[in-house]
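Residue-level structure breakdown
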Amino acid sequence: LLINFNPYLGTAYSLIFILTIILVSLDPKITIDLDLSRSNLLPDLILGLAGYAIFVGVAFFVISLLQTAAQILGLESIISLMAEAQPVFAGNNFLSIVTVGFLVPILENLFFFGVGMEFLSDKLGIPIPLNQPRSYGIYGLVAFVFTAFHFNVKGLPSTAGQLINDPALLTTFIFGFVTCLVVAFAKETNGKKDLRPSIFMHMVSNIISTLRKLAII
């Protein structure tokens, strides 16, 4: 499935899968709760939906300050911006929705917001609780790497000014940052790194963005 996006994206997703395995082997302290088969997933789904709603609200507020067009288009502008970063299968809408909407969120959350964030936290000696000011540096770093991964094809911003002036980049960064907040909140609530809420948040975002990119909505 991965190589059907295009060879470049296939290589990128294969690479983050391999890196996930490498990071786990390098840091035995990493513990991830990724069980999607447990009976009661409703609280995780609600937290994921709340996270997505917070992301849309924050992104709309920030982008509206920078662009008059966002004020005119409303929340629809945020969905359109997220769609810019969304890869799809050429000529196969169903495969795009299933893969991007359900499989990609699991892989990306496992690497960026699970293994990657915990690896950075362990190696830098910076905890990730919401009440720790230094945690927000980790959130920002993870969000930037997440953004860089999605936009490496169009060229990475070399300055903070370029990041701010590119609304699609900024929107993706905000999504990554809010996802870190959701992961940190879930960890404090459940006592361990729980990726289910952030996966649901990512699934909702990807499905909506993919439907938009495919002109279904």
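What comes next concerns the included structure. These numbers were taken from a predicted model, which means no experiment stands behind them.

Turning our eyes to something else, we now look at the packing of helix H2 (residues 42-66) against helix H9 (residues 196-213). Orientation of H2 relative to H9, taken along the N-to-C sense of each, is 55°, at an axis distance of 7 Å. Overall, the two elements H2 and H9 adopt an arrangement that is oblique. Along this stretch, H2 crosses H9, giving a crossing that reads as right-handed. Seen from H2, the contacting residues are Asp44, Leu45, Leu47, Gly48, Leu49, Gly51, Tyr52 and Phe55; seen from H9, they are Arg196, Pro197, Phe200, Met201, Val204, Ser205 and Ile208. By residue class, the composition of the contact of H2 with H9 is 10 nonpolar, 3 polar and 2 charged.

Moving on, we come to the packing of helix H8 (residues 167-190) against H9. The geometry of a pair of packed helices is captured by two quantities: the angle between their axes and the separation between those axes. Contact geometry of H8 with H9 gives a least axis separation of 8 Å together with a crossing angle of 150°. The angle between H8 and H9 falls in the class roughly antiparallel. Along the contact surface, H8 presents Phe175, Val178, Thr179, Val182, Val183 and Ala186, while H9 presents Pro197, Ser198, Met201, His202 and Ser205. The residue makeup of the contact of H8 with H9, split by class, is 7 nonpolar, 4 polar and no charged.

Here we take up the pattern of salt bridges. Taken as a whole, this structure holds 2 salt bridges when the rule is applied. Its salt-bridge partner being aspartate 44, residue arginine 196 comes within 3.2 Å of it at the nearest N-O pair. Highlighted residues: arginine 196 in helix H9 and aspartate 44 in helix H2, separated in sequence by 152 residues. Owing to a relative accessible area of 1%, arginine 196 belongs among the buried residues under this scheme. In this structure, arginine 196 engages aspartate 194 in a salt bridge whose closest nitrogen and oxygen atoms are separated by 3.2 Å.

For H8, built from 24 residues, the straight-helix expectation of 34 Å at 1.5 Å per residue is met to within 8% by its first-to-last C-alpha distance of 34 Å. Extensive coverage of H8 is indicated by the burial of 17 of its 24 residues.

Attention now goes to the environment of phenylalanine 185. Mapped onto the fold, phenylalanine 185 is located in helix H8. Each C-alpha atom of the pair phenylalanine 185 and leucine 47 lies 9.4 Å from the other, and the pair is 138 residues apart in sequence.

Counted by the stated rule, this structure contains 13 aromatic pairs. When the ring of tyrosine 13 is compared with that of phenylalanine 149, the centres are 5.3 Å apart and the planes differ by 85°; the resulting orientation is edge-to-face. Of this pair, tyrosine 13 sits in helix H1 (residues 7-26) while phenylalanine 149 sits in helix H6 (residues 135-151), placing them 136 residues apart in sequence. Under the relative-accessibility criterion, tyrosine 13 is labelled buried at 1%. With a centroid separation of 5.0 Å and an interplanar angle of 75°, the aromatic rings of tyrosine 136 and tyrosine 139 are classed as edge-to-face. Taken together, the positions of tyrosine 136 and tyrosine 139, both in helix H6 and 3 residues apart, correspond to about one turn of that helix. Within the aromatic cluster, the residues linked to one another by ring pairs are Tyr13, Tyr52, Phe55, Phe111, Phe112, Phe113, Phe146, Phe149 and Phe175.

Cut-offs used in this document
Residue positions are given per chain, counting from 1 as you read along its sequence in written order. Totals for whole chains, interfaces and linings use every residue, but because this is a predicted model, local features are given only for residues with pLDDT of at least 70 and side-chain atom pairs only at 80 or more, for both listing and counting. Hydrogens and water are ignored here; the side-chain numbers use all heavy atoms of the structure. The axes used here are C-alpha line fits, helices contributing only the stretch in contact, and every angle between their N-to-C directions lies in the interval 0 to 180 degrees. The helix and strand labels rest on DSSP assignments: H or I over at least four residues marks a helix, E over at least two residues marks a strand, and numbering proceeds from the N terminus. Angle categories are assigned with fixed cut-offs, so that under 35 degrees is roughly parallel, over 145 is roughly antiparallel, 65 to 115 is roughly perpendicular, and the rest are oblique. Crossings are sorted by hand: turned counterclockwise from the far helix by less than a right angle, the near helix makes the crossing left-handed, and turned clockwise it makes it right-handed. The contact definition used throughout considers only heavy atoms, calling two residues in contact when any of these lie within 4.5 Å. Throughout this entry, Asp, Glu, Lys and Arg are counted as charged residues, while Ala, Val, Leu, Ile, Met, Phe, Trp, Tyr, Cys and Pro are counted as nonpolar. The remaining residues, Gly among them, count as polar. Just to be clear on terms, a salt bridge is a Lys or Arg side-chain nitrogen sitting within 4 Å of an Asp or Glu carboxyl oxygen. Buried, partly exposed and exposed residues are distinguished by accessible area as a fraction of the type maximum, computed with a 1.4 Å probe on protein chains only: under 20%, between the cut-offs, and over 50%, respectively. The span you would expect from a helix comes to 1.5 Å times its residue count less one. Centres within 6.5 Å are what make two rings of Phe, Tyr or Trp a pair, Trp counting through its six-membered ring; a difference in plane orientation under 30 degrees is then read as stacked, over 60 as edge-to-face, and the rest as tilted.

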